[in-house]
Amino acid sequence: MNLGVRWTLHGDGKTPAPGAVVRPDERLSWPRTVGLGAQHVVAMFGASFVAPVLMGLDPNLAIMMSGVATVIFLLATRGTVPSYLGCSLSFVGVAAAIRASGGSSATVTGAVLVVGAVLFFAGLAVRRFGARIIHAAMPPIVTGAVVMLIGFNLAPVTASTYWPQDQWTALLVMLFTGLAVVCLRGFWSRIAIFLGLIFGYAVSWFFDLVFGKIDSMSPSGQVTEHWRLDLSGVSKADWIGLPSFHGPSFEWSAILVALPVVIALIAENAGHVKAVGEMTGDNLDDKLGTAIAADGAASMLSTAVGGPPNTTYSENIGVMAATRVYSTAAYWAAAGFALLFGLCPKFGAIVAAIPGGVLGGITVILYGMIGLLGAQIWINAKVDLRNPLNLVPAAAGIIIGVGGVKLTFTDTFELGGIALGTIVVITGYHVLRAFAPAHLKEQEPLLDSGTSSYEGAAGDGTASESTSGQDPLSKN
C-alpha cells in the first residue's frame, strides 16, 4: 500500500534548480527537510496558537493534536497534497457564542466534533458525486455571506472583552501587526501575527516596567489591578508533561451554532487544494473529497480528547511558495515538532500568558480578515450584488448574524446570530431562486475559487476541464 512516505532526493539535495520545484514525492537532504518542517511550525504559530486561546482551550493540546491531524491528512491523501493542519479561526466565533450562552469547554468541543463529523461525510459525498453537489447547495453568494457573518459576528468580542483590558497596548499591537502584514515580504509576512505577538509581549513588559500595574477589566468582566504580562505560571509549569484532556459534551443549541462553520471549511479546503495544485503543476481536483474528509476525521479525533478542530492552514502555502519546496517529508517533520511542543507545558504556559491587550490588537485584524474573506469569495466568483436574488438573502443573513438577532421558540430553545443568519442565507437563496423570474436566474452560480468545473461525477469528482481560478481562499 502506497502511504506516501517514500521520497526521492531532489537534485543534489541542497536547493531546487532555477525554475524547478521540489515535488511532494521528493525531498532535499534530511537536515534541510527538518529545517523546513520547523519553518512551517513557526509560520502557523501566530493564528494557530491564538485560536485555541480565544476558544478557551489548552494550547499545548492544540499544538500536539495539530501534529496528529497533519499525520492523518498526509496518510489519507497518500502524500499527494502537502499541508499542515492547524486550528481554523472560523471556529472562534462559534466558541465565543457558545460560551456567551453559558457553555463549557466540553460543550464547545462537543459541538465542534459534530462539525467535524459533518465535514467528514461531506468529503465522502464529494468523493462519490463530485464537487457539483457542494456548489448546488452552496453557491458563492451563500458561501461568501456565511463566511462574512461568521467573521463580523466576532466584532463585539474584541470590543467588549480584549480591547478594554489595555487599549494602548492593543492600539500599538494593531498598528505593528498591520505594518508587518503589508510591509514585510516573503516568509516574514506570513508570520506577521507571530511577530505581532512577540511585539505585544515586549510592549506589555515595558509598560509594566515603566507604569506599573494596570486597573482594567479582566476576561471575567471584573475590574482589577494586575500586571499586563503575568508569567508566574511559566515558572510553575513543567518542561515535560501531557496536556490537559477532557471529553466532549453534546447540546443541540451549541451544535446548531457551530454547524454553519462547515460551509467556511469546505471553501477553505477547496482553495487550499486548488492552490497547491497550481503551484506543483498537478491536477489535484480528484483529491478534494479526500482532503475534506481527512480534515473532518482529524477534527473529530482532536475534539474527542478536548482539543480544537484542525483544518488546512494557508500560512504554509506561503512558505511553500517562497521556498518552492512542496515535499511532504517537510510536513512529517513539522508534525514531529508539533508533537514535541505539545509535550512541553512550559511552552503552553507562555502562550496562555498572552496579555489581553495584545489579543485585542491582533483580533481586530484577524476577525476583520475572516469577515472580508467572504467578500473575496464574491469577488473571485464575480457575484453580481445588483441582482436581488443575490442581494436579499445575503443582506438579511449578514445583519442577523452580525447583529445577534434571535428567534425564540420556547423558554429553552432559540436560534440566533450565526446559526439563524446561516439558515436565512441558505434557505432564503434557494426559496427565492425557486420563485424568481427567469431573467434573474440566467447567470448560473459560478464555482468557488479553488475548484474546477466537474463534468463527470466519478470517484473523487474527477475533473474533465479545469478552470483558471484566481487567488485561493485563505485563512490568513
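Rules used throughout
- Residues numbered from 1 in each chain as written.
- Predicted model: local features only at pLDDT ≥ 70, side-chain atom pairs only at ≥ 80, totals over all residues.
- Heavy atoms only, no water.
- Helix = DSSP H or I, 4+ residues; strand = E, 2+ residues; numbered from the N terminus.
- Buried < 20%, exposed > 50% of the residue type's maximum accessible area, 1.4 Å probe, protein only.
- Contact = heavy atoms within 4.5 Å.
- Areas by Shrake-Rupley, 256 points an atom, 1.4 Å probe, with all protein chains shown as cover.
- Expected span 1.5 Å × (residues − 1).
- Bend = angle between axes of the 7 residues up to and from the residue.
- pLDDT = per-residue confidence, 0-100.
- Phe/Tyr/Trp six-rings, centres within 6.5 Å; stacked < 30°, edge-to-face > 60°.
- Lys NZ or Arg CZ within 6 Å of the ring centre and 35° of its normal.
- Patch = residues over 30% accessible without salt bridge, like charges linked within 9 Å, V, L, I, M, F, W, Y side chains within 5 Å.
- Salt bridge = Lys/Arg side-chain N within 4 Å of Asp/Glu carboxyl O.
- Core = buried A, V, L, I, M, F, W, Y, C linked by side-chain atoms within 4.5 Å.

Undergrad: I'd like to hear about the overall build of the protein, residue by residue, with values.
TA: Across its full length, the protein carries 21 helices and eight strands. For the protein, buried positions account for 54% of its 476 residues. Across the protein, every contact between residues at least 6 apart in sequence was considered, and the portion connecting residues at least 24 apart equals 78%. When the accessible surface of the protein is split by element, carbon and sulfur atoms take 65% of a total near 19,400 Å².

Undergrad: Run through helix α19 (residues 356-381), naming residues and quoting values.
TA: A rise of 1.5 Å per residue sets the reference length of α19, with its 26 residues, at 38 Å; its end C-alpha atoms lie 37 Å apart and thus fit the reference within 8%. In the structure, α19 departs most strongly from a straight axis at Thr363, where the bend amounts to approximately 35 degrees. Judged by how many residues are buried, α19 sits mostly within the fold: 19 of 26 residues are covered. One or two steps after α19, the chain reaches Lys382, where phi turns positive at roughly 55 degrees.

Undergrad: Go over the environment of Leu385, please, and point to the residues and values.
TA: Structurally, the position occupied by Leu385 is in the loop between α19 and α20 (388-403). Spatially, the C-alpha atoms of Leu385 and Ile141 are 8.7 Å apart, while their sequence positions differ by 244 residues. If sequence neighbours within four positions are ignored, Leu385 has contacts with Ile141, Trp378 and Leu391.

Undergrad: Requested: an account of the confidence of the model for the protein, with residues and values cited.
TA: Note: predicted coordinates in regions of low pLDDT should not be interpreted at a detailed level. Averaged over all residues, the pLDDT of the protein is 79; the fraction at 70 or higher stands at 86%. Low pLDDT (under 50) marks residues 444-476, which in the prediction has 110 contacts with non-local residues, meaning those over four places away or in another chain.

Undergrad: Can you tell me about the packing of aromatic side chains, naming the residues and giving the values?
TA: If you walk through the whole model with that rule in mind, you get six aromatic pairs. Residue placement shows Lys346 over the ring face of Trp239; its charged tip is 5.1 Å from the ring centre.

Undergrad: Mind laying out a nonpolar patch on the surface, listing which residues take part and the relevant values?
TA: The grouping of Trp205, Phe206, Leu209, Val210 and Phe211 at the surface amounts to a nonpolar patch, some 580 Å² of accessible area in total. For Phe206, the location among the structural elements is in helix α11 (residues 192-211). Since its relative accessible area comes to 43%, Phe206 is described here as partly exposed.

Undergrad: Can you tell me about the nonpolar core, naming the residues and giving the values?
TA: Ranked by size, the top nonpolar core spans 97 residues in total, and within it Met55, Tyr84, Phe91, Val92, Ile266, Tyr367 and Trp378 carry the most contacts. Not counting residues within four places of it along the chain, the set of residues in contact with Met55 comprises Cys87, Phe91, Val92, Ala95, Arg99, Val108, Pro308 and Pro309. Listed in part, the five residues of the second largest apolar core include Val22, Leu28, Leu36 and Val325.

Undergrad: Tell me about the side chain of Ser302, and please be specific about residues and values.
TA: Relative to the elements of secondary structure, Ser302 occurs in helix α15 (residues 288-304). If we skip the residues at most four places from it in the chain, Ser302 touches Met65, Gly307, Pro308 and Asn310.

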